2 protein chains.
Amino acid sequence: MVRIIDISKDREFLAKLLDRNKLEIDEVNKSVDDILANVRRDKDSALREYTREFDGVVLEDFLVTRQEIEEAIDCTSKALLEDLARARENIEKYHRKQMKNSYSLYEGEDIILGQLVRPIERVGIYIPGGSAAYPSTVLMNAVPARIAGVNEIIMITPPDRNGKVKPSILAAASIAGADKIFKAGGAQGIAALAFGTESIPKVDKITGPGNIYVAMAKKRVMGLVGIDMIAGPSEILIIADQWANPKYIAADLISQAEHDEMAAAILVTDWEPLAAKVAEELEIQLQGLERREIIEKSLESYGAIIITSCLGESVDVANEIAPEHLEVLTRNPFDVYRGVKNAGAIFLGEYSPEPVGDYFAGPNHTLPTSSTSRFSSPLCVDDFIKKTSLIYYSKNALERSKDSIMRIAEEEGLTGHANSIRVRFDSEVSFKEAAVKCRR
Amino acid sequence: MVRIIDISKDREFLAKLLDRNKLEIDEVNKSVDDILANVRRDKDSALREYTREFDGVVLEDFLVTRQEIEEAIDCTSKALLEDLARARENIEKYHRKQMKNSYSLYEGEDIILGQLVRPIERVGIYIPGGSAAYPSTVLMNAVPARIAGVNEIIMITPPDRNGKVKPSILAAASIAGADKIFKAGGAQGIAALAFGTESIPKVDKITGPGNIYVAMAKKRVMGLVGIDMIAGPSEILIIADQWANPKYIAADLISQAEHDEMAAAILVTDWEPLAAKVAEELEIQLQGLERREIIEKSLESYGAIIITSCLGESVDVANEIAPEHLEVLTRNPFDVYRGVKNAGAIFLGEYSPEPVGDYFAGPNHTLPTSSTSRFSSPLCVDDFIKKTSLIYYSKNALERSKDSIMRIAEEEGLTGHANSIRVRFDSEVSFKEAAVKCRR
């Protein structure tokens, strides 16, 4: 079911995998553009119409009521509520270390330079519905926003055919501290957050995962509002040596493959006999699982066991693929990970399977996919703050620097820039006089 | 020439200004897509053809030679070289404070969580040619990249009709420490950086300003490579009270207006008599200036003097516009700026005109435009690093958490995730045994 590749002979699969980072789909863009335009123009009424069309329910109000939230909490098991609360604590503890402070530089009394760090005012969080409605996604988005000090967190999520939202989603939202929750999904939900409607306030930034329509809508409104990232299908790459347990490897490959048929689950090993073992284990473990069909499809299209000549080459392959999740199942994982340049999250050793990070340990599960870990990062507190530069020069400071500044301005052909420095010195009019002259 | 608005009566201009954040231009996208596709396929030969077509020169080699750089330095004035070196020092001093360190959290020996901070491997910097070829742009992009520890900085810039690059650009590149410089511009240059050609290596991220073609090309390749931001036309907003000097205000408005006809230069004041004074000063100062036509056009379309009822309202208007550059020319600027929520850079007091920040003081001059300071930040060291999460759980740690993790997994319908935890405990096969079994 899963292909076995000798990397020294066959690099085609690698090319195919790296090419999965697909271009935009035109028909999707077309309908997304219509949806964006209509919601921008007709606001709630357009949103209501699309909700009827896509979610199959007619909503009077989009806002989730206090009572709905309490009912949701009531019908969620105590155990699960405690699990989510523990997860939130872990996520908080990890993300608090990311808090950035403003800083200033002084040069006597003449120069003050600074970087102000402030929270983004209002953030919209998109939570998918249906089979991809994950309470953990609520925590992973809302908790860092709260830590950053975001003033208002608006969460949207599509309703089911009865106009309801999955209870554990609402429970997680109240545990994470979302300020308002609206029943809205798809591109129309993103449009509502980007442009604002009578019910849903316009936000400054939108984060959270979604299907291709949500992703394209986010890409379209980017610039008008901020967005986090355009997440692709999920990936796991496991580096294993002869000390690894094939049972665990198979289980972990499956845990990614079950996300969707586009997901990629890849084992890279310098220990050739492991390949057959793992293939065998995959067959055995597949029996019991609900999502078997999805898993088999994804293993067939993007699954692989890649044989390398040594551990170092395994690391090279990982760096080339730059996976979202990287598990290191080797005798000395702490030696191996130092060679890893590109990965969203690294899981070390046989008792740190990827689900530990998905739900619980603390680091964010929103990770760069499709090789984007080469240049981007897990969702973090930084995504919910903004910076502003601060510049103060005294008259002395400007006098000392004015020739340099004017010379560069002239070199750049920006005589107006040079002029704005010059007028401050060649003019007879002093600050006070000018002010007086201009006052009644 | 410049409109004077009473904000209590007229908010139309504000709406027009905020709407300047224009959508994509289809015909531009069409030709950009062709250029991207052709360079991706035909590499150097396509790049050579487009360079002939758009830059009017046929290039054998794109690489700028060591000798060309030395000649450029020789024909740049000592004074300007020293100015650029001083600017570089200031930029370094300011940006070094932005360095972020990796961190780790330990829970005894059972849990290790970390965030690794590493530089992006290879970065491409785009520097415009022609009248917008600014050596300061080279410093503002290359210096933060160097501080972040980027391994290789590739700079590209369009050649003139003689196949040459402006000397001060090459001088700045060598002062800032670019590793390689190539003569390539426009969408074809962005394509070369994103896909790689025989001469120009594929990069992980592209930063730097450019015309609409460059901007659209960056937006198209985003995801395949990282990009910094899509910068719009430049903006300045000046908050002034009765103590401000109309001469300085006029000069500073002009210094932005000269950038291009789309640039916005806006004065917001609660001191009505200032309006006439500044309008008068604009007329006077315009006389001497080379870029008079551009300045007049931009003041007519996007320039304004906005009258408010009090200083507080002036700050509100500034927050609504979220300007790229904000000057505070009031009696007590340090009291006023604290009310400012949205701005790229804030310039305090009458001796801190915006050009101080453009060239020299140290903060980056690449700033969020078109109201994007609501959610984005000046270019900084963070733009040249990436983060990776690190997760280690011991057997004990996983045992303590396994029920919670499995419960959340089950709630999310991801039985494969739960399975990857379960196999680690319900199996009789211990780590060692499995390894032994699997070894030859």
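Computed from a prediction, not measured in an experiment: that's the story for all the values here. (Residues numbered from 1 in each chain as written. Chains lettered and ligands numbered in written order. Predicted model: local features only at pLDDT ≥ 70, side-chain atom pairs only at ≥ 80, totals over all residues. Heavy atoms only, no water.)

(A) Quick look at the side chain of serine 298 of chain A. Residues and elements named next belong to chain A. Its location among the elements puts serine 298 in helix α11 (residues 292-302). Polar contacts involving the side chain of serine 298 include one to the main-chain carbonyl oxygen of alanine 257, which spans 3.3 Å. Look past the residues within four positions of serine 298 in its chain and what remains in contact with it is Ala257, Asp260, Glu261, Ala263 and Gly303. (Helix = DSSP H or I, 4+ residues; strand = E, 2+ residues; numbered from the N terminus. Polar contact = N/O pair within 3.5 Å; in protein donor to acceptor, adjacent residues only side chain to side chain. Contact = heavy atoms within 4.5 Å.)

(B) Broad picture of the environment of methionine 140 of chain A. Residue and element names in this part refer to chain A. Position of methionine 140 among the secondary structure elements: in helix α5 (residues 135-148). Given a relative accessible area of 0%, methionine 140 falls into the buried group. Linking methionine 140 and proline 355, residues 215 residues apart in sequence, is a C-alpha distance of 14 Å. (Buried < 20%, exposed > 50% of the residue type's maximum accessible area, 1.4 Å probe, protein only.)

(C) Representation of helix α4 (residues 66-74) of chain B in the model. All names here are of chain B. Within α4, burial applies to Glu68, Ile69 and Ala72. On an axial view of α4, the arc spanned by its buried residues comes to 100 degrees, and they lie on one face. More than 90 degrees from the buried face of α4, the exposed residues found are Arg66, Gln67 and Asp74. Its buried side turned inward, α4 meets α7 (167-176) and β6 (180-183). (Arc of directions from axis to C-beta.)

(D) How the structure looks around the side chain of aspartate 83 of chain B. When you line up the elements, aspartate 83 of chain B lands in helix α5 (residues 78-96). Accessibility expressed as a relative area gives 2% for aspartate 83 of chain B, which makes it buried. Each residue touching aspartate 83 of chain B, except ones within four places of it in the same chain, is listed here: Ser404, Arg407 and Ile408 of chain A together with Phe360 of chain B.

(E) Broad picture of the domain arrangement of chain A. All names here are of chain A. By the assigned domains, chain A splits into domain 1 (3-21 + 233-362), domain 2 (26-231 + 382-387) and domain 3 (394-439). Across the contact, four residues belong to domain 2 and four residues belong to domain 3. Taken together, both faces of the contact between domain 2 and domain 3 bury some 270 Å²; the carbon and sulfur share is 31%. On inspection of domain 2 and its partner domain 3, the count reaches two salt bridges. The shortest N-O distance in the salt bridge between arginine 400 and aspartate 110 comes to 3.3 Å. Taken together, domain 2 and domain 3 are joined by two residue pairs in polar contact (both at pLDDT 80 or more). (Domains from an automatic or database assignment. Buried area = accessible area lost by both parts, 1.4 Å probe. Salt bridge = Lys/Arg side-chain N within 4 Å of Asp/Glu carboxyl O.)

(F) Up close: the packing of helix α16 (residues 415-426) of chain A against helix α10 (residues 246-257) of chain B. Two elements in contact, α16 of chain A and α10 of chain B, have axes whose closest approach is 8 Å; the angle formed by their N-to-C orientations is 165 degrees. In this view, α16 of chain A runs roughly antiparallel relative to α10 of chain B, as classed from their interaxial angle. The chirality of how α16 of chain A crosses α10 of chain B is left-handed. Residues Gly416, His417, Asn419, Ser420, Val423 and Arg424 of chain A of α16 of chain A touch α10 of chain B, and the partners they reach there are Lys247, Tyr248, Ala251, Asp252, Ile254 and Ser255 of chain B. Looking at the contact of α16 of chain A with α10 of chain B residue by residue, the class counts come to four nonpolar, five polar and three charged. (Axes fitted to C-alpha atoms, helices over the stretch in contact; angles between N-to-C directions. Parallel < 35°, antiparallel > 145°, perpendicular 65-115°, else oblique. Left-handed = near helix turned anticlockwise from the far one by under 90°. Nonpolar A, V, L, I, M, F, W, Y, C, P; charged D, E, K, R; others polar.)

(G) Highlighting the sheet that holds strand β12 (residues 325-329) of chain B. With mixed pairing, nine strands are arranged side by side in an open sheet as β2(A)-β3(A)-β14(A)-β13(B)-β12(B)-β9(B)-β10(B)-β11(B)-β1(B). Of all the strands in the sheet, the pair left with one neighbour each is β2 (103-107) of chain A together with β1 (3-6) of chain B. Direction aside, neighbouring strands of the sheet carry axes that sit 20 degrees apart on average. Alignment of strand β14 (residues 385-393) of chain A against strand β13 (residues 345-348) of chain B, held across four bridges, turns out to be parallel. If you follow isoleucine 391 of chain A over to β13 of chain B, its bridge partner there is phenylalanine 347 of chain B. Strands β2, β3 (111-119) and β14 of chain A of the sheet are contacted by helix α15 (residues 395-411) of chain A, whose axis makes an angle of about 85 degrees with β14 of chain A. Contacting β1, β9 (235-240), β10 (264-269) and β11 (304-307) of chain B, helix α11 (residues 273-286) of chain B crosses the sheet at an angle of about 170 degrees to β11 of chain B. (Pairing = 2+ DSSP bridges.)

(H) Representation of the UniProt feature "binding site: NAD(+)" (unreviewed entry) in chain A in the model. All names here are of chain A. Cross-referencing UniProt, the feature "binding site: NAD(+)" (unreviewed entry) maps to Tyr126, Gln188 and Asn211 in the present numbering. In terms of the greatest pairwise C-alpha distance, the residues named above, spread along 86 residues, form a tight cluster of at most 12.6 Å across. Position of tyrosine 126 among the secondary structure elements: in strand β4 (residues 122-126). The exposure class of tyrosine 126 is buried, given its relative accessible area of 4%. Contacts of tyrosine 126, omitting those with residues within four sequence positions, involve Ile156, Pro158, Ala184, Gly185, Gly186, Ile190, Thr207, Gly208, Pro209, Gly210 and Val214. Within the structure, tyrosine 126 has its side chain in polar contact with the backbone nitrogen of glycine 186 (distance 2.8 Å). Summarising the element assignment, glutamine 188 is placed in helix α7 (residues 186-195). (UniProt positions renumbered as here; feature names shortened; annotations may be inferred.)

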